[in-house]
Amino acid sequence: MARFLSFGSINIDYTYSLPHIVSEGETLASSALTVSAGGKGANQSAALAKSGCEVYHAGRIGKDGLFILDMLESYGVDTRYVDTSSAVSGNAVIQVDENGRNSIIIYGGGNREIRQDMVDDVLSHFSSGDWLVLQNEISMTGYIMKEGRKRGMKICFNPAPFDEKVLSLPLETADIICVNEIEGACLAGLDTGSDYESVLRRLMYLHPDTEILLTAGENGAFHGFKGNLCHADAVECEVVDTTAAGDTFIGYYLACRHKGLSADIAMNTACMASSLTVSREGAMKSIPFWSEVVL
Ligand code: RIB
């Protein structure tokens, strides 16, 4: 059975509940502050584990983040490749408004202290057929992609958050690229207001050997590969907090494909899982278990 190695961020999330996302120059009182487990990498590990996959998480965190490792382990994530010697943990300041929409600032901390010797050591335990799951919140991403590919690992890359450096990464190593509408438009070199199909078709043209997943919030999600496009509708729900919806989608999509399900079924299952995530508060803790999604 293939194993999943999620080499990625672990963040302490500081989530502020607000009437609206704060504007430039504005000071706003928050009605609640929650400190909880997050980080795109760690959330994706949690989603994979909660959906029944064998998952290993690799990354770096400080001692104040040990509670996150406890949580990952409680879901079945193997954390033996997490280095806990970082002086400062990665963290995120998240604003969530009354409609569940968010805006996120991240501070790298240990996530930006991934070194080549650590990568070499971790990857030496994985081989052909295993999956490497990557986001854009840690250092050494390009090197990890190249070395993972050399070992014959399959790669799923989520270029989030998007920055210009993404364009110089070895994207041709990725078997799957998963983006939201903003990341997708930036990666495609199009305006951020571009329609979904244009973004999807442009990404398929630029990355002809890569499965493209485009998540579109209340508009569901799109899949494109080798000239074929499909779409899954979002599942209607009460939106409480959209944090980790994309992470849930990625974990569930990969889990479904790993179980031998079609792209179409995987997309619909991932949309269902994400709808449960957005109907709950928080990041990692809001991701559903397989038994809640597949009834
Ligand atoms: O995708 C959601 C995550 O983004 C949050 O948990 C936060 O830590 C940031 O990494």
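Treat the numbers as computed from the prediction; the structure is a model and nothing was measured.

> Talk me through the overall build of the protein chain; I want residue IDs and the actual numbers.
When its secondary structure is counted, the protein chain shows nine helices and 13 strands. Relative to the 2.2 N^0.38 estimate, which gives 19 Å for 295 residues, the radius of gyration of the protein chain is 18 Å and therefore close to what a compact globule would have. Dimensions along the principal axes, computed over C-alpha positions, put the protein chain at roughly 50 × 45 × 40 Å. The 295 residues of the protein chain split such that 52% are buried.

> So what's going on with the pattern of salt bridges? Which residues, and what values?
Applying the stated criterion across every chain, the model contains 11 salt bridges. With a shortest N-O distance of 3.2 Å, Glu113 and Arg60 are connected by a salt bridge. Placement of Glu113 in the loop between β7 (102–107) and α3 (116–123) and of Arg60 in strand β4 (residues 55–60) is noted, with a sequence separation of 53 residues between them. Taking relative accessible area as the criterion, Arg60 reaches 12% and is therefore assigned buried. Across the salt bridge formed by Arg257 and Glu211, the nearest N and O atoms sit 3.5 Å from each other. Here Glu211 lies in strand β11 (residues 211–215) and Arg257 lies in helix α7 (residues 245–258), a separation of 46 residues in the sequence.

> Tell me about the sheet that holds strand β10 (residues 176–180), residues and numbers included.
An order of β5-β4-β1-β8-β9-β10-β11-β12-β13 is seen for the nine strands of this open sheet, with the pairing classed as mixed. Edge strands, defined here as strands with exactly one partner in the open sheet, are β5 (78–83) and β13 (228–232). Strand-to-strand twist of the sheet, defined as the mean angle between neighbouring strand axes without regard to direction, takes the value 15°.

> How would you explain the packing of aromatic side chains if you had to name every residue and give the values?
Applying the stated criterion across every chain, the model contains eight aromatic pairs. Look at Tyr56 and Tyr81: their rings are 6.2 Å apart centre to centre, the planes differ by 40°, and that puts the pair in the tilted class. Taken as a pair, Tyr56 in strand β4 and Tyr81 in strand β5 lie far apart in primary sequence, 25 residues in all. Here Tyr56 matches Tyr81 in class, with each residue buried.

> Give me the lowdown on the site of the ligand, citing residues and values where you can.
Close to the ligand lie 14 residues, the nearest being Asn11, Asp13, Gly39, Glu137 and Asp247. Within the backbone of Gly39, one N or O atom sits 2.9 Å away from an oxygen atom of the ligand. Between the ligand and Asn43, the relevant distance is 3.1 Å, taken from an oxygen atom to a side-chain nitrogen or oxygen of the residue. About the coverage of the ligand: the protein hides 96% of its 280 Å² of free accessible area. Split by residue class, the shell around the ligand holds five nonpolar, five polar and four charged.

> Quick rundown of the environment of Glu238? Include the residues and the values.
Following the sequence through the fold, Glu238 ends up in the loop between β13 and α7. Separated by 38 residues in the primary sequence, Glu238 and Leu276 have C-alpha atoms spaced 9.1 Å apart. Ignoring anything within four residues of it in the chain, the contact list for Glu238 reads Val278 and Ser279.

> Provide a residue-level description of the sheet that holds strand β3 (residues 32–38), including the pertinent values.
Here we have four strands laid out as an open sheet, ordered β3-β2-β6-β7, and mixed in their pairing. Whereas interior strands pair on both sides, the edge strands pair on one side only; in this sheet they are β3 and β7. Across this sheet, the average inter-strand angle for adjacent strands is 20°, counted without regard to direction. Inspection of the sheet shows strand β6 (residues 90–96) paired to β7 by six bridges, in the antiparallel sense. Within β7, the position partnered with Val93 by the bridge is Ile105. Relative to the sheet, helix α2 (residues 66–74) contacts β2 (11–17) and β3, its axis offset from that of β3 by approximately 60°.

> Which residues make up the environment of Val179, and what are the values?
Mapped onto the elements, Val179 comes out in strand β10. Considered as a pair, Val179 and Gly41 are 138 residues apart in the sequence and their alpha carbons are 14 Å apart. Once residues within four sequence positions are removed from consideration, Val179 is found in contact with Pro159, Gly184, Leu187, Leu203, Leu213, Leu214 and Thr215.

Definitions and cut-offs
Residues numbered from 1 in each chain as written. Predicted model: local features only at pLDDT ≥ 70, side-chain atom pairs only at ≥ 80, totals over all residues. Heavy atoms only, no water. Helix = DSSP H or I, 4+ residues; strand = E, 2+ residues; numbered from the N terminus. Rg over C-alpha atoms; globule rule 2.2 N^0.38 Å. Buried < 20%, exposed > 50% of the residue type's maximum accessible area, 1.4 Å probe, protein only. Salt bridge = Lys/Arg side-chain N within 4 Å of Asp/Glu carboxyl O. Pairing = 2+ DSSP bridges. Axes fitted to C-alpha atoms, helices over the stretch in contact; angles between N-to-C directions. Phe/Tyr/Trp six-rings, centres within 6.5 Å; stacked < 30°, edge-to-face > 60°. Near = heavy atom within 4 Å. Polar contact = N/O pair within 3.5 Å; in protein donor to acceptor, adjacent residues only side chain to side chain. Areas by Shrake-Rupley, 256 points an atom, 1.4 Å probe, with all protein chains shown as cover. Nonpolar A, V, L, I, M, F, W, Y, C, P; charged D, E, K, R; others polar. Contact = heavy atoms within 4.5 Å.

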